[in-house]
Amino acid sequence: MPTWRDRVRRIADSGYSTLLMPDVPRWQPAPAPALAVAATLTDLRVGSWVYASPLRPAWSTAWEAHSLSVLTEGRFELGIGTGRPGIEDELRELGLPVVPPRERLAQVRQTVTALRDLDGPDLHTPVVMAVRGPKAQALAADLADTVAFALMPGDDRAEITRVVRDFRSRAIRDVELAQHVAVVGDSVAPFMASPDTDPAALRAADSLAVLPDDPVAAAEEIRRRREETGFSYFVFGADFAETLAPVVAELAGH
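(A) Inspection of the pattern of salt bridges at higher detail. One pass over the full model with this rule turns up 20 salt bridges. The shortest N-O distance in the salt bridge between Glu 88 and Arg 104 comes to 2.9 Å. Here the residue Glu 88 occupies a position in helix H4 (residues 87-93), and Arg 104 occupies one in helix H5 (residues 101-119), the gap between them amounting to 16 residues. Its relative accessible area of 7% is what places Arg 104 among the buried residues.

What follows is the structure, encoded as structure tokens:
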């Protein structure tokens, strides 16, 4: 896929630190081989955003993650969660068992535990967890290096700020906070939000899922989120890479 390889190189040249691949069967190449190729093309870090725990056995995900970490010389990070809304329908279509949320969380724990065993004392593959409810937050506080809070359409800035501050007050470790930005201006990133997402409604709700498309305003908003909420890891759709490249350069001090 020459076009995809060219896009990877452009993303790296624009100053981004990490390339992430979604775990959406049949929508794009599988994450592991795609990320392995990307890591040979550039010096980017690479990661999954995020593996859905019920789609494969825990040991298989752990082995894959450890292998990528070794092959990329420590540039891989494992993003993992219990699956997007509607994952039950996807599991039925694939002929996989539909398990309740508590079992999916147990699968996440099993995956990270197996990964730590494979890594041993000389390697630490970073783990990013996507969370929403209190049980997922508690597991992330115990296991994850980075935590991303799943945003719902009705979540406003005040609500997410409250959730994040509550999480940080209970966490016993220093955990990085990530923020998933699905909308820039009036454009919605594929894979990252429902196609019927209404950018105007998100702006009216003061949602953190949206950024302005003006680079100066976007940079200012990211600084605000860093200062007010503590987010330091921002994830954007690849279609926004060129639009937000000036923002990345300004925030990096280039």
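From this point, the narrative continues.
(B) Geometry of the sheet that holds strand S9 (residues 187-188). With mixed pairing, the three strands of this open sheet are ordered in space as S9-S8-S10. Two strands in the sheet have a free side with no partner beyond their single neighbour: S9 and strand S10 (210-211). Note that strand S8 (residues 183-184) and S10 share two bridges and pair parallel. Within S10, the residue paired with Val 183 across the bridge is Val 210.

(C) Here's a closer look at the side chain of His 66. Residue placement: His 66 occurs in helix H3 (residues 58-71). With residues near it in sequence (within four places) discarded, His 66 still touches Leu 115, Leu 118, Asp 119 and Leu 123.

What counts as what
- Residues numbered from 1 in each chain as written.
- Predicted model: local features only at pLDDT ≥ 70, side-chain atom pairs only at ≥ 80, totals over all residues.
- Heavy atoms only, no water.
- Salt bridge = Lys/Arg side-chain N within 4 Å of Asp/Glu carboxyl O.
- Helix = DSSP H or I, 4+ residues; strand = E, 2+ residues; numbered from the N terminus.
- Buried < 20%, exposed > 50% of the residue type's maximum accessible area, 1.4 Å probe, protein only.
- Pairing = 2+ DSSP bridges.
- Contact = heavy atoms within 4.5 Å.

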